[in-house]
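Structure at a glance
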Amino acid sequence: MNPTNIQLIRGFKDILPGETELWQHIERTAITLFEDFGYREIRIPIMEKTELFARSIGEDTDIVEKEMYTFADRGGDLLTLRPEATACICRSYIQHKMAAQDPVRKFYTIGPMFRRERPQKGRYRQFYQIDAEIFGIAAPFADIELIFLLRTLFDRLNVTDTTAHVNSLGCPVCRPRFKAALAQILDQAAPHLCADCLRRKDRNPLRVLDCKVPGCRKAMAGAPSILDYLCDDCRTHFSTVTDTLAKLGVPFEIDKQLVRGLDYYTRTAFEIQTGALGAQSAVAGGGRYDGLIESLGGPAMPAIGFAVGFDRLAEIVAATAPLATRPPALFIAALGDTARRQAFEWSTALGVAGIGVSMLYEDRSLKAQMKQANRLNAGQVLIVGESELAAGQVVLRDMASKTQREIPVTALVKTLIEIFSPAPV
Ligand code: HAM
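Residues numbered from 1 in each chain as written. Predicted model: local features only at pLDDT ≥ 70, side-chain atom pairs only at ≥ 80, totals over all residues. Heavy atoms only, no water.

**A short note on the overall build of the protein**
- The secondary structure content of the protein amounts to 16 helices and 16 strands.
- Over its C-alpha atoms the protein spans a radius of gyration of 28 Å, topping by over 25% the 22 Å that the globule rule assigns to 425 residues.
- In terms of overall dimensions, the protein has C-alpha extents of about 95 × 60 × 45 Å along its principal axes.
- Relative to its 425 residues, the protein shows a buried fraction of 49%.
- Across the protein, every contact between residues at least 6 apart in sequence was considered, and the portion connecting residues at least 24 apart equals 70%. (Helix = DSSP H or I, 4+ residues; strand = E, 2+ residues; numbered from the N terminus. Rg over C-alpha atoms; globule rule 2.2 N^0.38 Å. Buried < 20%, exposed > 50% of the residue type's maximum accessible area, 1.4 Å probe, protein only. Contact = heavy atoms within 4.5 Å.)

**So, the pattern of salt bridges**
- All told, the structure shown has 24 salt bridges when counted by the stated rule.
- Residue R151 is joined to D155 by a salt bridge in which the shortest nitrogen-to-oxygen separation is 3.0 Å. Of the two residues, R151 and D155 are both situated in helix α6 (residues 140–156); the distance of four residues between them amounts to about one turn of the helix.
- Residue class for R151 comes out buried when judged on its relative accessible area of 12%.
- For the salt bridge of K414 with E418, the shortest nitrogen-to-oxygen distance reads 3.7 Å. You can see K414 and its partner E418 sitting in helix α16 (residues 412–420), four residues apart, about one turn around the helix. Each member of the pair K414 and E418 is classed as exposed.
- Salt bridges linked by common partners bring D60, E65, D196, R199 and R203 together as one network. (Salt bridge = Lys/Arg side-chain N within 4 Å of Asp/Glu carboxyl O.)

**With respect to the packing of helix α1 (residues 20–36) against α6**
- Running from N to C, α1 and α6 point in directions that differ by 140°, and their axes come no closer than 10 Å. Considering the angle they form, α1 stands oblique to α6. As for the relative orientation of α1 and α6, their crossing is right-handed in sense. Across the interface between the two elements, T29, A30, L33 and F34 of α1 pack against L149, T152, L153 and R156 of α6.
- When the residues that make up the contact of α1 with α6 are grouped by side-chain class, the tally is five nonpolar, two polar and one charged. (Axes fitted to C-alpha atoms, helices over the stretch in contact; angles between N-to-C directions. Parallel < 35°, antiparallel > 145°, perpendicular 65-115°, else oblique. Left-handed = near helix turned anticlockwise from the far one by under 90°. Nonpolar A, V, L, I, M, F, W, Y, C, P; charged D, E, K, R; others polar.)

**Thoughts on the pairing of strand β16 (residues 404–408)**
- The pairing of strand β15 (residues 393–398) with β16 spans five bridges and is classified as antiparallel. Its bridge partner lying in β16, L396 is registered against R405.
- The antiparallel hairpin formed by β15 and β16 contains five residues in its connecting segment, where K402 sits at a positive phi of about 60°. (Pairing = 2+ DSSP bridges.)

**Looking at the sheet that holds strand β3 (residues 70–72)**
- The three strands are arranged β2-β4-β3 in an open sheet whose pairing can be described as antiparallel. With partners counted over all chains shown, the strands left at the sheet margins are β2 (47–49) and β3, one partner each. Strand-to-strand twist of the sheet, defined as the mean angle between neighbouring strand axes without regard to direction, takes the value 35°.
- The pairing of β3 with strand β4 (residues 78–81) spans three bridges and is antiparallel. Note that in β4 the partner of T70 across the bridge is T80.
- Where helix α2 (residues 50–57) meets the sheet, it contacts β2, β3 and β4, and its direction lies at approximately 75° from that of β2.

**Considering the domain arrangement of the protein**
- By domain assignment, the protein separates into domain 1 (20–170 + 231–320), domain 2 (175–229) and domain 3 (330–418).
- The distance between the C-alpha centroids of domain 1 and domain 2 comes to 25 Å.
- The partner domain 2 presents 17 residues to the 20 residues of domain 1 that form the contact.
- A buried area of about 1600 Å², summed over both sides, lies between domain 1 and domain 2, and 41% of it is on carbon and sulfur atoms.
- Summed over the shared surface of domain 1 and domain 2, the number is four salt bridges.
- Ionic pairing is found between R200 and D62, a salt bridge with its closest N-O pair at 3.7 Å.
- On inspection of domain 1 and its partner domain 2, the count reaches seven residue pairs in polar contact (both at pLDDT 80 or more).
- Those elements that provide at least two residues to the side of domain 1 that touches domain 2 are α3 (62–67) and β7 (162–168).
- Sort the elements by how many residues they give to the side of domain 1 that touches domain 2 and α3 lands first, with three residues.
- In terms of residue class, the side of domain 1 that touches domain 2 is built from six nonpolar, seven polar and seven charged. (Domains from an automatic or database assignment. Buried area = accessible area lost by both parts, 1.4 Å probe. Polar contact = N/O pair within 3.5 Å; in protein donor to acceptor, adjacent residues only side chain to side chain.)

**A short note on the pairing of β7**
- Of all seven residues in β7, six are buried; the element is thus mostly enclosed.
- Strand direction decides the pairing type here: β7 and strand β8 (residues 252–254), joined by three bridges, are parallel. When the sheet's bridge partners are listed, A164 is paired in β8 with F252.

**Thoughts on the packing of aromatic side chains**
- Counting across every chain of the model gives 15 aromatic pairs.
- Relative to F310, the ring of W23 has its centre 4.1 Å away and its plane inclined at 25°; by these criteria the two rings are stacked. You can see W23 sitting in helix α1 and its partner F310 sitting in helix α12 (residues 310–320), a full 287 residues away along the chain. When sorted by exposure, W23 lands in the same class as F310, which is buried.
- Measuring from centroid to centroid gives 5.8 Å for F34 and Y39, while their planes differ by 45°, and the two rings are tilted.
- Pairwise contacts between aromatic rings join Y93, F107, F135, Y264, Y265 and Y289 into one cluster.
- Looking at K13, its charged tip hangs above the ring of Y124, at a distance of 4.3 Å from the centre. (Phe/Tyr/Trp six-rings, centres within 6.5 Å; stacked < 30°, edge-to-face > 60°. Lys NZ or Arg CZ within 6 Å of the ring centre and 35° of its normal.)

Written out as structure tokens, the structure is:
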């Protein structure tokens, strides 16, 4: 009987060797940048109480309404696989009373998130985010720094086909005035809105503004701009952000339709959009959420952050600059049992010394082993047979120049370390 192969869950994916090198490269680039700007890593759990996300992201958002992986555990607690990191980091900041020691904190975290969306290119049910958050800074410099960091990260990864879209979503003082103005046009537009927008119209009216359905776009074309309704403080904040971005040479567009899919935002909201990904145009998104920490039971504390869609970023980087896998510096071709045992010992010592070594662990002909060394693109091959061992000399062959030389078996590891002189780890 042929048992059915078990496949991975729809919308989930494996990141395989060949891709992981690129992921590590992106991760290292991001971490270096964050650390240089004073961000510290925080690692938060993959699961939280459902209530945390319901209260922060918002009951009426797509994420909370229909995309969360929520279940009751065996003790009856309602738990959710995190759909994003911001709420979790706020929870941690409050729980550990971080504000009491120093309210100003900069964090980053990298890891998987879960949303049960309809899978397609660039949209997965388990996806990864590179997330950064600043707590305790109300000044617009925090907003500017984060958008600047995104620009710098993308530059360092040679991702150029992107634009920063920025908007202000106002604050509890000015947003109600905008909502009232919006309500009027929504009533007129109602007959032309899609079913989702009809539902959003009363419960989450701002979301109608960024619906991509052409009928809704057309019906909302005459909608007022939130930027015309900002209070003085929000207007000054927003103009400092845009003026300074321009001074720093960060390209951006003011996008009055940008509202974001999570409810916690206030003031600056932004997305990095790209033409490189088809329908999934946002490669990063973020914004200010000055009321969230307090609404979760913490102190009144301004905050702002972003998350990069790691999978989407990796797809763009892979298309522009595929990363070569690192070939082993040395392949050891051993002939016969004794030689293979000796070779294995050497390979462990060389590995510990930071030299990439490969060998075959089974008995194979020299031809097969040379073929393998070629396939791996090894720089050099050490040929070890019983007769070489007996003579106390082995052969080191340079695969590029096809030259070879003999080296003494005595102190072989030391000699090879000198030859390969790896960079200090
Ligand atoms: P978000 O816009 O929901 O924001 O997600 C940020 C980014 O994650 C998106 O721009 C996208 O690149 C990626 N992403 C989202 N869903 C998927 C998916 N199903 N598959 C692949 N990639 C996806 C947030 O999550 C906020 N927590 C960002 C933030 C941080 N705001 C303040 N601080």
